[in-house]
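Fold and geometry: a report
Spelled out, the chains give:
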Amino acid sequence: MAELYDRARPEYPGATFDDLAELAGLRPGSRVLEIGPGTGKATAELARRGYAVTGIELSPHLAEIARRNVPLAEIEVGDFESWEPREPGFDAVTVFNAFHWIAPEIRYAKPARLLRPGGALGVVGAPHVLLPQDDPFWAGVQEDYDAVVPHPDNRPPPPPDEIEGWTADWRASGLFEHVEERSHLMTLTYTADEYIALLGTFSDNLALPTADREELFRRIHARIAAQPDGTVTKHQLVVLTVGCRPK
């Protein structure tokens, strides 16, 4: 699914990288470790800003595309839990939409160990949220999920004020100070084909039995195609949390 992931997944807003630079004190030449760069969606912007980027990616297929997309970055293949850099002391460790995959027992401790004193951990999540004025499609599509993959957790996306950040967990770890969180709303519009391609990159959908996944995607595709302009618009709340290792 690596090529599909590269085509379907969205970029991150420039304001998020501005906030990261400000809160982490990054400047051209800063050494940045990115955990789980995927195909380089965020890596490209990190490199464009002049940072010396090292990425550690579990999937060889995703890593291959990241190297193609961001030749200035150094992309290594491995799992972060066991990987060790040739030279620690990074100015920042960054994670974009992959923090939840890191083993909880090292989620804070290992990044802190790999940072220089005063270095920053920056984590970005981008959950789908529902605004009051959003398309009723997002309520209606729950009928398709309930029909094909019924589950008590099936529900429309939450409003932005229900999104819980990482700030409390970071402070509780005792490993970071000056913890701060900033968020930006991202608006994305998809055709039926584009949205089904996006759904095909999510692990919970890939884990479904093939027949269920195909039927679910067929229903959602038909629902979007029936929209007045054949598209659907979603909002994602891009949340950045940054904390610094004490000096």
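I will try to describe carefully the structure that is included in this document. (Residues numbered from 1 in each chain as written. Predicted model: local features only at pLDDT ≥ 70, side-chain atom pairs only at ≥ 80, totals over all residues. Heavy atoms only, no water.)

What to know about the packing of helix α9 (residues 192-199) against helix α11 (residues 210-225)
Contact geometry of α9 with α11 gives a least axis separation of 9 Å together with a crossing angle of 150°. The angle between the axes of α9 and α11 places the two elements in the roughly antiparallel class. Where α9 crosses over α11, the handedness of that crossing is right-handed. Taking contact as the criterion, the partners of A192, D193, Y195, I196 and L199 in α9 are, on α11, F217, I220, H221, I224 and A225. Considered class by class, the residues forming the contact of α9 with α11 number eight nonpolar, one polar and one charged. (Axes fitted to C-alpha atoms, helices over the stretch in contact; angles between N-to-C directions. Helix = DSSP H or I, 4+ residues; strand = E, 2+ residues; numbered from the N terminus. Parallel < 35°, antiparallel > 145°, perpendicular 65-115°, else oblique. Left-handed = near helix turned anticlockwise from the far one by under 90°. Contact = heavy atoms within 4.5 Å. Nonpolar A, V, L, I, M, F, W, Y, C, P; charged D, E, K, R; others polar.)

Points about the environment of G119
Take G119: it is sitting in strand β5 (residues 115-125). With a relative accessible area of 0%, G119 lands in the buried category. Between the C-alpha atom of G119 and that of A92, which follows or precedes it by 27 residues, the distance is 5.4 Å. Apart from the residues within four sequence positions on either side, G119 is in contact with F90, D91, G243, C244 and R245. (Buried < 20%, exposed > 50% of the residue type's maximum accessible area, 1.4 Å probe, protein only.)

Considerations on the packing of aromatic side chains
Under the criterion given, the structure shown has eleven aromatic pairs. Pairing F99 with W166 gives two aromatic rings, centres 4.8 Å apart and planes at 85°, and the pair type is edge-to-face. Of the two residues, F99 is situated in the loop between β4 (90-96) and α5 (109-114) and W166 in the loop between α7 (142-148) and α8 (167-173); the sequence distance between them amounts to 67 residues. Residue classification places W166 among the partly exposed positions, given a relative accessible area of 23%. The interplanar angle of 90° and the centroid separation of 4.8 Å between the aromatic rings of F137 and W138 together place this pair among those described as edge-to-face. In this structure, F137 and W138 share a single accessibility class: buried. Site record: aromatic cluster; members linked through ring pairs are F99, Y108, W166, W170 and F176. Here R31 stacks its cationic end above the ring of F90, 4.3 Å away from the centre of that ring. (Phe/Tyr/Trp six-rings, centres within 6.5 Å; stacked < 30°, edge-to-face > 60°. Lys NZ or Arg CZ within 6 Å of the ring centre and 35° of its normal.)

Topic: helix α4 (residues 60-69)
Turning to α4, its buried residues are L62, A63, I65 and A66. On an axial view of α4, the arc spanned by its buried residues comes to 165°, and they lie on one face. Exposed side of α4, more than 90 degrees from the buried face: H61 and E64 are the residues found there. Of the surrounding elements, those touching the buried residues of α4 are α1 (2-8), β2 (52-57) and β3 (74-77). Two to three positions downstream of the cap, the backbone nitrogen of H61 sits 3.3 Å from a side-chain oxygen, assigning the N-cap of α4 to S59. (Arc of directions from axis to C-beta. Polar contact = N/O pair within 3.5 Å; in protein donor to acceptor, adjacent residues only side chain to side chain.)

Worth remembering: the numbers are spatial, not functional.
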